[in-house]
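What the coordinates show
Listed below are the residues making up each chain.
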Number of protein chains: 2
Amino acid sequence: MKVGDLAPNRARWLTGDSDLNGTVISCRARLARNVGFAPFSPMVTADDQDRVIEEVLKAAQSGRYMCDATFFKMNALQEEERQLLVERHLISPALAESTGQRGLLFNSDESLSIMINEEDHMRLQAILPGLQADEAWASVNALDGDVGTSLEYAYSDKWGFLTACPTNLGTGLRVSVLVHLPGLVLTDDMDRVKHGLTKMSFAVRGFYGEGSHPLGNLFQISNQATLGVKEQDIINRLCSITRQIIEYEEYAQQSLYKEAKAQVEDKVWRAFGLLSNARVLSSKDLMALVSAYRLGLSLGIVDHVDTGFVNRLMIETQPSHLQAFYGEELEPNERDVFRAELVRKYFKKTAE
Amino acid sequence: MKVGDLAPNRARWLTGDSDLNGTVISCRARLARNVGFAPFSPMVTADDQDRVIEEVLKAAQSGRYMCDATFFKMNALQEEERQLLVERHLISPALAESTGQRGLLFNSDESLSIMINEEDHMRLQAILPGLQADEAWASVNALDGDVGTSLEYAYSDKWGFLTACPTNLGTGLRVSVLVHLPGLVLTDDMDRVKHGLTKMSFAVRGFYGEGSHPLGNLFQISNQATLGVKEQDIINRLCSITRQIIEYEEYAQQSLYKEAKAQVEDKVWRAFGLLSNARVLSSKDLMALVSAYRLGLSLGIVDHVDTGFVNRLMIETQPSHLQAFYGEELEPNERDVFRAELVRKYFKKTAE
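The model shown is predicted, which means the values in this text are computed figures rather than measured ones. (Residues numbered from 1 in each chain as written. Chains lettered and ligands numbered in written order. Predicted model: local features only at pLDDT ≥ 70, side-chain atom pairs only at ≥ 80, totals over all residues. Heavy atoms only, no water.)

1. Quick word on the pattern of salt bridges
Residue and element names in this part refer to chain B. Applying the stated criterion to the full structure yields 28 salt bridges over all chains. Salt-bridge contacts for E55 lead to K58; the nearest nitrogen and oxygen are separated by 3.5 Å. Highlighted residues: E55 and K58, both in helix α1 (residues 46-61), separated by three residues, approximately one helical turn. On the accessibility criterion, E55 (18% relative accessible area) is buried. With its nearest N and O atoms 2.8 Å apart, the salt bridge here joins R88 to E110. Taken together, the residues span a long stretch of sequence, with R88 in the loop between α2 (79-87) and α3 (93-97) and E110 in the loop between β3 (103-106) and β4 (112-116) at a distance of 22 residues. Accessibility classification places R88 together with E110 in one group, the buried group. (Salt bridge = Lys/Arg side-chain N within 4 Å of Asp/Glu carboxyl O. Helix = DSSP H or I, 4+ residues; strand = E, 2+ residues; numbered from the N terminus. Buried < 20%, exposed > 50% of the residue type's maximum accessible area, 1.4 Å probe, protein only.)

Okay, structure coming up:
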């Protein structure tokens, strides 16, 4: 399998299932794990890394969840290919950019993966559509148990799982949700929400771009504390926080819609008009239009396509995906033309 | 007949005939005439004006061209109704705003009309689609001959036709063309063109709004000199100047299209996407989008509708027209919603 073949793959986390009226795109649980037989990240040698890859693959592929999984070794890939894996959320930008012996193992619907030799020897990840935090946790926990039966983890009775960076110490668990909050951005409430979350030890990041108006009104919320908390408590807390934010968001959307019905509908329909007709679309343009269209889906203003379609549109129109679809290298301005063409095709296909 | 009934009327000058690839919307020839039996405009009394109306109507309605014409007396109309006549180019803003005994007589396809007691006792007007300057001149000349057989005009062998303002003295003829020049505006050549025209004694006005980027990229070009020139020479000169400008415009459009094909197509298709999907459209928005769409028609990029459709869209979405279609008074923000609704309906009807 070539990396480019993944471009049209229907990753499970993009299906829009359980997405609570379009607001929660996905939920991710990841565990940081290290093996006992090799030094940790800053001290590790290429030989150590090779052995880690070998042992992790052996353990994972002989288990229940990764027996049919695909493996890519990073330094065997082109930059474009690594970038495509980043765009699909299968690897971190850090893994894509780093040198050394690093790898990725993932299952066919891309819901389970292991980054090998990132900051830690292993980053086990489960990613599911919507607010399925319990399911994502159960899934990555099962994978961890599976791999852990044949690998000896670096573990301390006092500290729990040992990690390259102390911020991951203990459970090694980081859970995050990817949420769409156009209402809170439009009502200028996002700073207040961020402030509250930070005070409760949750991190909020604009998903694309930084600042108070990040691209596509997408935010990633994740736990900060990994030490001295039970895994289930981390999950429960993130879920309850997320549900609260969804409530705020729905309230903001409904208020906007009540106060300025025509303007909100105009925003949504203009987005549809542009997505299905534009001949040049920058990724910034696209993200803004997709956000407006998704708002229209949440408010029941439009229904040409569903949120799963919109999710895939967002992922599959990123530069390395476009390159993979096109087959050869595209100049940035050609990319904007090809992106617009692809988006029109997608909308047209759905309309048929 | 009520003024509002005119709103959906298919005025002949809007058909898009002979419009030279969308560039020349219409051509207008008007003659300033005064009768000998009443004082001129600043000195005229209401009684004089009443007599002028009476005599003009008698002369015109007993002739060949205005026997079935409609007559409106201005002070019998609501402001909205007078405004609708301005929007249809049947009367001047001056006639709409002025008090006193004033009137309008016009034929069923709105190609021939007489404003009574505007600046002059009579303003005879012929308006036709495209660059039909000879035809417009022939038409208004015939009407003038017809009316002039039973009315004694104020005429001097030395000066020709006498008018209230010396700028109309002599022939009393003003000819104008309404042209769409998006190419020259986009290439920043409009100031140069204007300068050249002014030097040749032609006036250029932004048709809606002023400044170098007038609404809709529409310009009206007209002769300044009326004295000491033959009528046919005025017509010939305006036509040859207009043909020259069309050449410049076509060159500008083709250069733009060659240099930035995707961007030009994007502009046109986005305009189509917005016109057929927006839920709120200001008249400024509409004029800009209609201009982009018309450019697309000229360049053969789109063909959902023809220029006649686009001309009517531009006229029939003006405030007083919207009011007439809606039936009751609209607030400005309701107007933008209703305008968008109307435009969508028009595009949808054509697509069927």
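Next comes the rest of the write-up.
2. Observations regarding the packing of aromatic side chains
Residues and elements named next belong to chain A. For the coordinates displayed, the defined rule picks out 20 aromatic pairs over all chains. An aromatic cluster is built from W269, F272, Y293, F309, Y346 and F347, whose rings are joined through pairwise contacts. The ring of F37 has R51 sitting right over it, with the charged end atom 4.1 Å from the ring centre. (Phe/Tyr/Trp six-rings, centres within 6.5 Å; stacked < 30°, edge-to-face > 60°. Lys NZ or Arg CZ within 6 Å of the ring centre and 35° of its normal.)

3. Observations concerning the pairing of strand β8 (residues 173-180) of chain B
Residue and element names in this part refer to chain B. Counting buried positions over the eight residues of β8 gives eight, a clear majority of the element. Here β8 shows no split at all, with L173, V175, V177 and V179 on one side and R174, S176, L178 and H180 on the other all buried. Direction of pairing for strand β1 (residues 24-33) relative to β8: antiparallel, over a ladder of seven bridges. Bridge pairing in β8 links C27 to V177. Note that β8 and strand β10 (residues 215-223) share five bridges and pair antiparallel. Looking at β10, one finds that S176 is bridged to S222. (Pairing = 2+ DSSP bridges.)

4. Comments concerning the interface of chain B and chain A
In this complex, chain B contributes 16 residues to the contact, which on the side of chain A involves 16 residues. For the pair chain B and chain A, the two sides together bury roughly 1400 Å², of which 60% comes from carbon and sulfur. Counting the surface chain B buries against chain A, the share from its top three residues, R270(B), N277(B) and R279(B), is 39%. For the pair chain B and chain A, the number of links is two salt bridges. Here R270(A) and D285(B) are joined by a salt bridge, their closest N and O atoms 2.9 Å apart. In this assembly, chain B and chain A are joined by eight residue pairs in polar contact (both at pLDDT 80 or more). No other element matches the nine residues that helix α8 (residues 261-275) of chain B contributes to the side of chain B that touches chain A. (Contact = heavy atoms within 4.5 Å. Buried area = accessible area lost by both parts, 1.4 Å probe. Polar contact = N/O pair within 3.5 Å; in protein donor to acceptor, adjacent residues only side chain to side chain.)

5. Regarding helix α6 (residues 190-199) of chain B
All names here are of chain B. Within the span of α6, buried status applies to M190, V193, K194 and L197. Buried residues of α6 fall within an arc of 100° about the axis and therefore sit on the same side. Opposite the buried face of α6, at more than 90 degrees from it, the exposed residues are D191, R192, H195 and K199. At the exit of α6 stands S201, carrying a positive phi of roughly 65°. (Arc of directions from axis to C-beta.)

6. So, a negative patch on the surface
Residue and element names in this part refer to chain A. Judged by side-chain charge, E79, E80, E97, E328, E329, E331 and E334 come together as a negatively charged surface patch. By secondary structure assignment, the location of E334 is in helix α12 (residues 332-351). Among the residues examined, E334 registers a relative accessible area of 37% and is labelled partly exposed. (Patch = residues over 30% accessible without salt bridge, like charges linked within 9 Å, V, L, I, M, F, W, Y side chains within 5 Å. Areas by Shrake-Rupley, 256 points an atom, 1.4 Å probe, with all protein chains shown as cover. Lys, Arg positive; Asp, Glu negative; His and termini not counted. Charge placed at Lys NZ, Arg CZ, Asp CG, Glu CD.)

7. With respect to the packing of α8(B) against helix α9 (residues 283-298) of chain B
Residue and element names in this part refer to chain B. Their axes nearest at 8 Å, the elements α8 and α9 cross at an angle of 130°. One way to sum up the angle between α8 and α9 is to call them oblique. Considering the relative orientation of α8 and α9, their crossing is left-handed. In this structure, α8 contributes K267, V268, A271, F272, L274 and L275 to the contact, and α9 contributes L286, L289, V290, A292, Y293 and G296. In the contact of α8 with α9, the residues fall into ten nonpolar, one polar and one charged. (Axes fitted to C-alpha atoms, helices over the stretch in contact; angles between N-to-C directions. Parallel < 35°, antiparallel > 145°, perpendicular 65-115°, else oblique. Left-handed = near helix turned anticlockwise from the far one by under 90°. Nonpolar A, V, L, I, M, F, W, Y, C, P; charged D, E, K, R; others polar.)

8. Here's the deal with the side chain of Q132(A)
Residue and element names in this part refer to chain A. Tracing the backbone shows Q132 in the loop between β5 (122-129) and α4 (133-148). Q132 gets classed as buried once you look at its relative accessible area, which sits at 14%. Setting aside residues no more than four positions away along its own chain, Q132 makes contact with S18 and C27.

9. Here we look at the domain arrangement of chain A
All names here are of chain A. For chain A, the assigned domains are domain 1 (3-252) and domain 2 (260-351). Its C-alpha centre places domain 1 at a distance of 26 Å from the equivalent point of domain 2. Counting residues at the interface gives 27 residues for domain 1, matched by 22 residues for domain 2. In this assembly, domain 1 packs against domain 2 so that about 2200 Å² is buried in total across both faces, 58% of it on carbon and sulfur atoms. For the interface between domain 1 and domain 2, the tally reads zero salt bridges. There are twelve residue pairs in polar contact (both at pLDDT 80 or more) connecting domain 1 and domain 2. Going through the elements one at a time, α2 (79-87), α5 (182-186) and β10 (215-223) are the ones with two or more residues in the side of domain 1 that touches domain 2. (Domains from an automatic or database assignment.)

10. Describing the relation of the copies chain B and chain A
The operation relating chain B to chain A is a screw motion whose rotation component is 180°, with 0.0 Å of axial translation and a residual RMSD of 0.0 Å. A rotation of that kind, with that shift, is consistent with a two-fold axis. Proximity to the rotation axis, assessed at the C-alpha, singles out G273(B) in chain B; its C-alpha lies 2.0 Å from the axis. (Least-squares fit on C-alpha atoms with pLDDT ≥ 70 in both.)

11. A closer look at the confidence of the model for chain A
Residues with a pLDDT of 70 or more make up 98% of chain A, whose mean pLDDT is 93. Interface scoring of the predicted complex returns ipTM 0.90; its pTM is 0.92. (pLDDT = per-residue confidence, 0-100.)

12. Considering the environment of R64(A)
Residue and element names in this part refer to chain A. Checked against the element boundaries, R64 lands in the loop between α1 (46-61) and β2 (70-73). Residue R64 is classed as exposed on the basis of its relative accessible area, which comes to 64%. The spacing of R64 and L143 is 79 residues in sequence and 8.1 Å in space, taken between C-alpha atoms.

13. Brief notes about the nonpolar core
Counting residues in each nonpolar core, the largest one holds 84 residues, and the members touching the most others are L275(A), Y293(A), F347(A), Y293(B) and F347(B). Sorting the residues of this core by element identifies α8 (261-275), α9 (283-298), α10 (307-316) and α12 of chain A together with α8, α9, α10 (307-316) and α12 (332-351) of chain B as the ones contributing at least two each. The residues contacting L275(A), other than those within four sequence positions of it, are L281(A), L286(A), L289(A), V290(A), Y293(A), V343(A), R344(A) and F347(A). (Core = buried A, V, L, I, M, F, W, Y, C linked by side-chain atoms within 4.5 Å.)

14. Brief notes about the packing of helix α4 (residues 133-148) of chain B against helix α7 (residues 231-259) of chain B
Residues and elements named next belong to chain B. The contact between α4 and α7 brings their axes to 10 Å, and the two run at 155°. By the angle class used here, α4 and α7 are roughly antiparallel. Pair α4 / α7 crosses with right-handed handedness. Residue-level inspection shows A133, D134 and W137 of α4 in contact with α7, the latter providing E231, Q232, I235, N236 and C239.

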